[in-house]
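Here are the chains, one letter per residue:
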Amino acid sequence: KTPFLSWSMAKSVTATLVGAAVKRGLLDINDAAPVPEWEGDDQKSRITWNDLLQMQSGLAFGEQYDVIRSDVNRMLFERADAGGVAARSPVEQAPGEAWYYSSGTTNLIARTLKQTLERQGIDLHAFAQEVIFEPLGAASFTLEPDASGTVIGSSFVYATARDWARLGQLYLQDGVWEGERLLPEGWADYVKTPASASDGQYGAQFWLNREGEEGRERFFPGVPEEMYFFAGHEGQYVFVIPDKRM
């Protein structure tokens, strides 16, 4: 019954909520992300939901936890608006050209999703409960917000071990739970499709178990390459292994 802190397993939860919104026609991942700070900015206004989901936005962000004043530490522990950190970050490269891990990107997704739903009269927390957690019977899920009210979608989600497993099972079943489709058909395939610049190691807020083109070993050599997973700091994992039905 203990709710466990997700750390970055939360990123896969954020992707799940985006998928649920796609399922209901509330957004299209190929559209430009409607970030208020980007209006009139020729570079940033081209960044799509998909670019953000695949960590290929081109926005600068430092994910160094051992550097006290790094972008990620300041975002998580100093800033009232975690999603605004990446929104205000400079562009380093064109969208899709480079992959690098960024918790700032995920919090921008969470903030933009919240705003997108609100414009259509929908509260994000109520939406998450209604379309994902209640159907799964996963009542322990808690999405912690920052001081601005935006879910810290990169890092601060809580749930019991069994409820984390339920979410993994939903992906194993291609987004269907007890005969009801909760995620778009093919969403599980989408999140485990390698981002073009990631050397096969990352999909859309999910880690992959593929070998790299230049000899990089897969993360878990003794586990099938088809496995994909939620991963959190200090060893929180949900592994989905389709060919083993696990």
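All values derive from a computational prediction rather than experimental measurement.

**Section: the sheet that holds strand S7 (residues 228-232)**
Consideration 1: The antiparallel open sheet is built from 3 strands, whose spatial order is S6-S7-S8. Unpaired on one side and paired on the other, strand S6 (207-208) and strand S8 (236-240) mark the two borders of the sheet.
Consideration 2: Two elements, S6 and S7, share 2 bridges in a ladder whose sense is antiparallel. Opposite Leu208, over in S7, you have Tyr228 as the bridge partner.

**Observations concerning the pattern of salt bridges**
Consideration 1: Going through the model one piece at a time under the given rule, you end up with 11 salt bridges.
Consideration 2: Arg166 is paired through a salt bridge with Asp163; the nearest N and O atoms lie 2.5 Å apart. Residue Arg166 and its partner Asp163 are both found in helix H7 (residues 161-172); the two are separated by 3 residues, about one turn of the helix.
Consideration 3: For Arg166, a relative accessible area of 29% puts it in the partly exposed group.
Consideration 4: Each of Arg69, Arg74, Glu78 and Arg79 takes part in a single network of salt bridges with overlapping partners.

**Topic: the packing of aromatic side chains**
Consideration 1: Within the structure shown, the criterion is met by 22 aromatic pairs.
Consideration 2: Measuring from centroid to centroid gives 5.4 Å for Trp99 and Tyr202, while their planes differ by 45 degrees, and the two rings are tilted. You can see Trp99 sitting in the loop between helix H4 (82-87) and helix H5 (103-118) and its partner Tyr202 sitting in the loop between helix H8 (187-191) and S6, a full 103 residues away along the chain. For the pair formed by Trp99 and Tyr202, the shared burial category is buried.
Consideration 3: Judged by its relative accessible area of 17%, Trp99 is buried.
Consideration 4: In this structure an aromatic cluster arises from ring pairing among Trp99, Tyr101, Tyr202, Trp207, Phe219, Phe220, Phe229, Tyr237 and Phe239.
Consideration 5: The residue whose ring lies beneath Arg216 is Phe219, and the NZ or CZ to ring-centre distance is 6.0 Å.

**What about the side chain of Thr16?**
Consideration 1: In this structure, Thr16 sits in helix H1 (residues 10-23).
Consideration 2: Not counting chain neighbours up to four residues away, the residues in contact with Thr16 comprise Ile132, Leu167, Tyr171 and Leu183.

**Observations regarding the sheet that holds strand S2 (residues 142-143)**
Consideration 1: Taken together, the 3 strands give an open sheet; going across it, the order is S1-S3-S2, and neighbouring strands pair in antiparallel fashion. Every interior strand has two partners, whereas the edge strands, strand S1 (4-5) and S2, have only one.
Consideration 2: Bridge count for S2 against strand S3 (residues 157-159) is 2 bridges, and the pairing is antiparallel. Following the sheet pairing, Leu143 is matched in S3 by Val157.

**Topic: unusual backbone geometry**
Apart from glycine, the bulk of residues carry a negative phi angle, and the bulk of peptide bonds sit in the trans form.
Consideration 1: Positive phi values are uncommon outside glycine, yet Trp7 reaches one of about 45 degrees.
Consideration 2: By secondary structure assignment, the location of Trp7 is in the loop between S1 and H1.
Consideration 3: Non-glycine residue Glu178 carries a positive phi angle of around 50 degrees.
Consideration 4: Secondary-structure assignment places Glu178 in the loop between strand S4 (176-177) and strand S5 (180-181).

**Topic: the environment of Ala87**
Consideration 1: Tracing the sequence through the fold places Ala87 in helix H4.
Consideration 2: The exposure class of Ala87 is buried, given its relative accessible area of 1%.
Consideration 3: Residues Ala87 and Glu234, 147 residues apart in the sequence, show an inter-C-alpha distance of 27 Å.
Consideration 4: Excluding residues within four positions of it along the chain, Ala87 makes contact with Val35, Glu37, Trp38, Lys44, Leu108 and Arg111.

Calculation notes
Residues numbered from 1 in each chain as written. Predicted model: local features only at pLDDT ≥ 70, side-chain atom pairs only at ≥ 80, totals over all residues. Heavy atoms only, no water. Pairing = 2+ DSSP bridges. Helix = DSSP H or I, 4+ residues; strand = E, 2+ residues; numbered from the N terminus. Salt bridge = Lys/Arg side-chain N within 4 Å of Asp/Glu carboxyl O. Buried < 20%, exposed > 50% of the residue type's maximum accessible area, 1.4 Å probe, protein only. Phe/Tyr/Trp six-rings, centres within 6.5 Å; stacked < 30°, edge-to-face > 60°. Lys NZ or Arg CZ within 6 Å of the ring centre and 35° of its normal. Contact = heavy atoms within 4.5 Å.

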